[in-house]
Amino acid sequence: MRAIAVSEYGATPALMNLPRPEPGPGEILVKIVAAGLNPVDWKIADGMLKDSVDVPFPLILGQDGAGVVDEVGADVVRLRHGEQVYGGFLDAPRGLGSYAEYAIVREDGPVARMPEGMIYTQAAAVPTASTTALAIVEEARVDAGQTVLVVGATGGVGQSAVQLAARTGAKVIATARDDMAGTMRRLGADETVDHSKGDLNQQVLAVHTDGVDVVLDAVSDTTAAEHIAQLLRPGGTYVSTTWAVNPDAMEARELRGVNYEGKPSAALLERLSDLIDAGELRVRVEREAPLAEAADALAANRAGGARGKTVLRV
């Protein structure tokens, strides 16, 4: 099968012909139609797992994907041959991922039936980013009447977080350049602030003099997060998906700091499917590229400035 893999950490991802995996007991084999790209994909290629997981090479990249159940292993009962599914397909210990014509996932793993009427390229953009967004909005206990700042709002996690936070009745401030301000408002943001036009804190405080209740941050490093945390009112919550906050230091300031590690699951995906089917969550695909152009797509994602999700057509 065709797949995008690396022959060693730090190598340029390349198109390779590799054996098709075979599903074991409790596993399903999915013929991948589209694979969603996430920053963690190029981080893994760089060596993020080298000290924690014994990975074989070549290592197929990719977590997110959407496709059709092609074969099922023994004892599989939840999903059947021919069903359209989406989810997370990375199995690093076996060198398997979603940037391939076929991928393996356990039936009890992070896989679910696709939302009704959703096309594969949209579905492939959902799993990691939108399950993370749903989880961090709930982890932050966002509620009606609160003021929420979403940092990195134009990326995959951020766009879903804006919608899900707005859905609670909270007032949402989204970071976005002027050309994305309209998009953010259509997704539910009440206001936008452009970090390229000066200090983010000053822009927020110019309108919200007493600060904000919650920060949902998908991009900041530790230095930036420490600065942005100054916007929080006493009792406020800062959730970082980049592990940029110090929970103990924040607790000393009567703040709650959370470093969130994404944990996609079938249950979260099924909840997202319901929201998507109800028209309460939209996923914006910024770029589609053929599988062979994965290396270029990963490089562009590494450069930053995402305005939606990138999807590879397999």
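Further up the page is the structure itself.
Residues numbered from 1 in each chain as written. Predicted model: local features only at pLDDT ≥ 70, side-chain atom pairs only at ≥ 80, totals over all residues. Heavy atoms only, no water.

Peer 1: Honestly, the overall build of the protein in this entry has me stumped. Any pointers?
Peer 2: Per the secondary structure count, the protein includes 10 helices and 16 strands. Taking 2.2 N^0.38 as the reference for a compact globule, 314 residues should give roughly 20 Å; the C-alpha atoms of the protein span a radius of gyration of 20 Å, in line with that estimate. C-alpha atoms of the protein, sized along the principal axes, occupy 60 × 40 × 35 Å. When each of the 314 residues of the protein is scored for burial, the buried share is 54%. About 13,500 Å² of surface is accessible on the protein, with carbon and sulfur atoms providing 48% of the total. Each charge sign in the protein was given a centre, from 29 positive and 43 negative side chains, and these centres are 4 Å apart. (Helix = DSSP H or I, 4+ residues; strand = E, 2+ residues; numbered from the N terminus. Rg over C-alpha atoms; globule rule 2.2 N^0.38 Å. Buried < 20%, exposed > 50% of the residue type's maximum accessible area, 1.4 Å probe, protein only. Areas by Shrake-Rupley, 256 points an atom, 1.4 Å probe, with all protein chains shown as cover. Lys, Arg positive; Asp, Glu negative; His and termini not counted. Charge placed at Lys NZ, Arg CZ, Asp CG, Glu CD.)

Peer 1: Help me understand the environment of Val-105 in this model?
Peer 2: For Val-105, the location among the structural elements is in strand E7 (residues 102-106). Along the chain, Val-105 and Asp-91 lie 14 residues apart, while their C-alpha atoms are 7.9 Å from each other.

Peer 1: Before we go on, may I ask you to explain the packing of aromatic side chains in this structure?
Peer 2: Between two aromatic rings, the relevant description is the distance of the centres plus the angle of the planes. Applying the stated rule across the entire model yields one aromatic pair. Seen in terms of ring centroids, Tyr-9 and Phe-57 are 5.0 Å apart; in terms of plane orientation they differ by 90°. Their pairing is edge-to-face. Placement of Tyr-9 in the loop between strand E1 (2-6) and strand E2 (14-17) and of Phe-57 in the loop between helix H1 (39-46) and strand E4 (59-60) is noted, with a sequence separation of 48 residues between them. Given a relative accessible area of 23%, Tyr-9 falls into the partly exposed group. Taking the relative accessible area as the measure of exposure, Phe-57 reaches 35% and is therefore partly exposed. Arg-20 extends its terminal NZ or CZ atom over the ring of Tyr-102, reaching a point 5.1 Å from the ring centre. Directly above the aromatic system of Trp-42 lies the positively charged group of Lys-43, at a separation of 5.8 Å from the ring centroid. (Phe/Tyr/Trp six-rings, centres within 6.5 Å; stacked < 30°, edge-to-face > 60°. Lys NZ or Arg CZ within 6 Å of the ring centre and 35° of its normal.)

Peer 1: For this particular structure, what's the right way to read the sheet that holds strand E10 (residues 171-175)?
Peer 2: Backbone-to-backbone hydrogen bonds pair the strands of a sheet. The strands run either parallel or antiparallel. One open sheet accounts for six strands, arranged E11-E10-E9-E12-E13-E14; its pairing is parallel. Of all strands in the sheet, those with a lone pairing partner are strand E11 (191-193) and strand E14 (256-259), marking the two edges. Direction aside, neighbouring strands of the sheet carry axes that sit 15° apart on average. With four bridges connecting them, strand E9 (residues 147-151) and strand E12 (residues 212-217) associate as parallel partners. Of the residues in E12, the one forming a bridge with Val-151 is Asp-217. (Pairing = 2+ DSSP bridges. Axes fitted to C-alpha atoms, helices over the stretch in contact; angles between N-to-C directions.)

Peer 1: What am I meant to see in the sheet that holds E4 here?
Peer 2: Ordered in space as E2-E1-E4, the three strands form an open sheet in which the pairing is antiparallel. Two strands bound the open sheet, and with one partner strand each, they are E2 and E4. Bridge count between E1 and E2: four bridges; the pairing is antiparallel. Looking across to E2, one finds that Ala-5 is bridged to Ala-14.

Peer 1: What am I meant to see in helix H10 (residues 294-302) here?
Peer 2: Note: α-helices contain 3.6 residues per turn, so residues at a spacing of three or four share the same orientation. Among the residues of H10, those classed as buried are Ala-294, Ala-297, Leu-298 and Asn-301. Taken around the axis of H10, the buried residues stretch over an arc of 100°, which confines them to a single face. For H10, the elements touching its buried residues are E1, strand E3 (27-37), H1, strand E15 (285-290) and strand E16 (309-313). Positioned one or two residues after H10, Gly-304 has a phi angle of 85°, which is positive. (Arc of directions from axis to C-beta. Contact = heavy atoms within 4.5 Å.)

Peer 1: What exactly am I supposed to notice about helix H4 (residues 156-167) here?
Peer 2: The end-to-end C-alpha distance of H4 is 17 Å, a good match for the 16 Å that 12 residues give at a rise of 1.5 Å each. By the criterion of burial, H4 is predominantly enclosed, with 10 of the 12 residues buried. Along H4, the residues that are buried comprise Gly-156, Val-157, Gly-158, Gln-159, Ser-160, Ala-161, Val-162, Gln-163, Leu-164 and Ala-165. Just beyond H4, the residue with positive phi is Gly-169, at close to 100°. (Expected span 1.5 Å × (residues − 1).)

Peer 1: What am I meant to see in empty space enclosed by the protein here?
Peer 2: Where empty space is left in the structure can be found by rolling a water-sized probe over the atoms. If you walk through the whole model with that rule in mind, you get one cavity of 30 Å³ or more. Taken as a whole, the largest cavity holds about 40 Å³ of empty space. Every residue lining the largest cavity is listed: Gly-156, Gln-159, Ser-160, Arg-282, Val-283, Arg-284 and Lys-309. Here the element with the most residues in the lining of the largest cavity is H4; it accounts for three residues. Grouping the constituent residues of the lining of the largest cavity by class yields one nonpolar, three polar and three charged. (1 Å grid on protein atoms, 1.4 Å probe; cavity = no way out; pocket = protein on both sides within 12 Å on 5 of 7 lines; lining within 4 Å. Points joined across faces, edges and corners; volume = space filled by probe spheres on them. Nonpolar A, V, L, I, M, F, W, Y, C, P; charged D, E, K, R; others polar.)

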